[in-house]
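What follows is each chain in one-letter form.
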Amino acid sequence: MGVRQRVTPRLWLALVLLGVFGAAVGAQAQQTETTDQSSAAFSKAELRYLTQKKTLRYCIDPDGLPFEAIDAQGRHIGISAGYLQLFQKMLPVPLKLVPTQNRTESISYAKSKGCDFMPLLIKSPELSTDLNFTSAYLNIPTVLVTTLDKAYLNDVATLPQLPLGVRHGDGVAELYQHLNPALQLLQYQSDEQALRAVRQGILYGYIANMASVSYPMQQNNMLDLKIAGRLPGDLSLSFASRSDEPQLGRILQKMLMRLSVPQQQQIHQRWLQVHYEQGVDPQLVWQGILIVTAFGLLWLWAWVKLRRLNSALLFASNELTRLSQQDPLTGLYNRQFFEQKLPEALSLCQRQQLVLTLAMMDLDHFKKLNDEYGQGYGDACLREFSRLCRSFFQRPQDVLVRYGGEAFVLISVGTAPAVMEKLLRAFVGVIASSEINDGEHCDNCTVSIGAYCDVPTQELDVKTLLDKVTQALAQAKQQGRDQLVLLPAQSAQKNDDHTVKKNGDHSLL
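Throughout what follows, the structure given in this document is the object of discussion. All figures in this text were calculated on a predicted structure; none of them were measured in a lab.

Another point: the overall build of the protein chain. Each helix and strand counted, the protein chain has 18 helices and 19 strands in total. When the 509 residues of the protein chain are sorted by exposure, 47% land in the buried category. Sequence-distant contacts in the protein chain: of pairs separated by 6 or more residues, those separated by 24 or more amount to 73%. Counting only carbon and sulfur atoms, one obtains 53% of the accessible surface of the protein chain, whose full area is about 26,300 Å².

Take a look at the structure:
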């Protein structure tokens, strides 16, 4: 016989309390374990520094969406807020926002040690004297905004010598003044102010990053403006910390390196594709439809125009597009793709009498850096070099290849020799002034380039062309490295003039 026992209310209460207590203990243990694992990523000296600091203070641009801002409730929102939420899980100390009135005041606070770091800032020689920068973790395309009647442009050399606006403090003015000294650049404190100047005819166009201009254009119904082309010089954003406490810079770099690609993509997709709505208003719905329709018609008009201009130059087949042969470390095309693409580019330029550029780029003393700092630092060098390559050579007619080891190749069609020479020399200077930081080591790297930039003769073959460029690269190495050696052009000046007239979007992909 079995004995049936009754469960009394007191027994039920005891069981519930026991379950709640067990869950609380388990959660606390899990939280402690997570903190211990995060803290293990820092050295003893770094943990001692954080313990002494007790709190890390930071400043932001209070009105800089979608990158960062302070909302009506005083909360930090935007892309940088997403990164700091992940950082807070790794840190044993709290992060504290220091409110400011504007971006300029935030930079002033950071310089005067009123806050310990800023999560989103563009590295420049002026700021580098007072702040330490991590590697760039966010790159936004730079575009030209004009009224609808202006032509599409994608080359600095073709920008008109008319007033162009840039954002104050972004470093864009310095870059474009160097690439084209004849440009008339006027600096503005806000994107909205500059866009109004474009609409009023004060400016021919406004050079800025895609994310910062899309929001005010949509919110203010600026249907008479358009994106008239993508330009070199992507906006590269980094963490900036006070220079008198270098431990903080190393800690920020370490946390940045620990973030996975999916984590960063989730943050970017949320804010770079966000839609701001104010309830269901039929008028706003129709305005949205008009905006989408207007941009769709503009895109269709541009597509038809480019297709008519370049129909004779389209040679890339669907099979080559599907190949997508990329180097896994850098994301650039690999040597197998290069060996297929170079003969096609050479043949195209010989038929159409276009300028062909083939530039062989090799990182100087790479083996020494790799042996001294380790393979991890060497990989960081190759990734950072590839990122800078993509930011400089990003037009449809530019193809970037990792040729092997520390050697890279640029193939470009239709760019005038004078423009390409200026770009390559500027690129050598940018590499020399860039620091490679993997969280443990920081050093500079230089590049030597041997380049051919000319209308190829009918007798020129691939092997001879490669031999010429390889010899030019060897000459650059023998002359002291950190320089460009450009093979002398065999074509006359009339060929350059003819090429410039026919220059267009000669896409190689």
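Our next topic: the packing of aromatic side chains. In this structure the tally under the stated criterion is 15 aromatic pairs. Between tyrosine 333 and phenylalanine 337 the ring centres are 4.0 Å apart and the planes differ by 15°, which places this aromatic pair in the stacked class. The residues tyrosine 333 and phenylalanine 337 share a single accessibility class, namely buried. By the ring-pair criterion, three or more aromatic residues cluster together here, those being Tyr58, Tyr83, Phe87, Phe117, Tyr137 and Phe239. Sitting over the face of the ring of tyrosine 403, arginine 335 holds its NZ or CZ atom 4.1 Å from the ring centroid.

On to the packing of helix H3 (residues 79–90) against helix H10 (residues 261–272), then. Contact geometry for H3 and H10: axes closest at 9 Å, N-to-C directions at 150°. Relative to H10, H3 is oriented roughly antiparallel. Seen from above, H3 lies across H10 with right-handed handedness. Side by side, H3 and H10 meet where Ile79, Gly82, Tyr83 and Leu86 of the first sit next to Gln263, Gln264, Ile267, His268, Trp271 and Leu272 of the second.

What follows covers the sheet that holds strand S2 (residues 63–64). Taken in spatial order, the three strands make up an open sheet running S2-S3-S4, and their pairing is antiparallel. The sheet is open, and its two borders are formed by S2 and strand S4 (76–77), each paired with just one other strand. In terms of strand pairing, strand S3 (residues 68–70) meets S4 through two bridges, oriented antiparallel. Looking at the pairing, alanine 69 lines up with isoleucine 77 of S4.

Now for the side chain of aspartate 116. You can see aspartate 116 is positioned in the loop between helix H4 (103–111) and strand S6 (117–121). With near-sequence residues (within four places) excluded, aspartate 116 lies in contact with Lys53, Thr55, Leu56, Arg57, Ala240, Ser241, Arg242 and Leu248.

So, about the state of the cysteines. Here the structure, examined in full by the defined rule, presents one disulfide. Between the sulfur atoms of cysteine 59 and its disulfide partner cysteine 115 the distance amounts to 2.4 Å. In this structure, the disulfide formed by cysteine 59 and cysteine 115 twists by about -130° around the S-S bond and is classed as left-handed. Highlighted residues: cysteine 59 in the loop between strand S1 (56–58) and S2 and cysteine 115 in the loop between H4 and S6, separated in sequence by 56 residues. A relative accessible area of 0% means that cysteine 59 is categorised as buried.

Moving on, we come to the pattern of salt bridges. Taken as a whole and judged by the stated rule, the model has 25 salt bridges. Notably, a salt bridge pairs aspartate 116 with lysine 53, separated by 2.9 Å at the nearest N-O pair. Here aspartate 116, found in the loop between H4 and S6, pairs with lysine 53, found in helix H2 (residues 44–53); they are 63 residues apart in sequence, far enough to count as distant. A salt bridge links arginine 387 to glutamate 384, with the nearest nitrogen and oxygen atoms 2.7 Å apart.

Turning to the sheet that holds strand S19 (residues 484–486), a few remarks are in order. Pairing is mixed in the open sheet, where five strands are placed in the order S14-S15-S13-S18-S19. Because the sheet does not close on itself, it has two edges, and the strands there are strand S14 (398–404) and S19. For this sheet, the mean inter-axis angle between neighbouring strands, taken without regard to orientation, is 15°. One ladder, built from seven bridges, connects strand S13 (residues 356–363) with strand S15 (residues 407–413); its direction is antiparallel. From the neighbouring strand, threonine 357 faces S15, where its bridge partner is serine 412.

In a soluble, globular protein the nonpolar side chains are often hidden away together inside. In this structure, Leu159, Ile207, Met361, Phe385, Leu424, Phe427 and Ile449 are the most contacted members of the largest nonpolar core, which totals 52 residues. Dropping the residues within four chain positions of it, isoleucine 449 is found in contact with Ala359, Met360, Met361, Leu424, Phe427, Val428, Leu473, Ala476, Gln483, Leu484 and Val485. Counting 35 residues, the second largest nonpolar core, distinct from the first, contains Tyr49, Tyr58, Leu86 and Leu235.

Here is what the cut-offs are and how they apply
Residues numbered from 1 in each chain as written. Predicted model: local features only at pLDDT ≥ 70, side-chain atom pairs only at ≥ 80, totals over all residues. Heavy atoms only, no water. Helix = DSSP H or I, 4+ residues; strand = E, 2+ residues; numbered from the N terminus. Buried < 20%, exposed > 50% of the residue type's maximum accessible area, 1.4 Å probe, protein only. Contact = heavy atoms within 4.5 Å. Areas by Shrake-Rupley, 256 points an atom, 1.4 Å probe, with all protein chains shown as cover. Phe/Tyr/Trp six-rings, centres within 6.5 Å; stacked < 30°, edge-to-face > 60°. Lys NZ or Arg CZ within 6 Å of the ring centre and 35° of its normal. Axes fitted to C-alpha atoms, helices over the stretch in contact; angles between N-to-C directions. Parallel < 35°, antiparallel > 145°, perpendicular 65-115°, else oblique. Left-handed = near helix turned anticlockwise from the far one by under 90°. Pairing = 2+ DSSP bridges. Disulfide = S-S within 2.5 Å. Salt bridge = Lys/Arg side-chain N within 4 Å of Asp/Glu carboxyl O. Core = buried A, V, L, I, M, F, W, Y, C linked by side-chain atoms within 4.5 Å.

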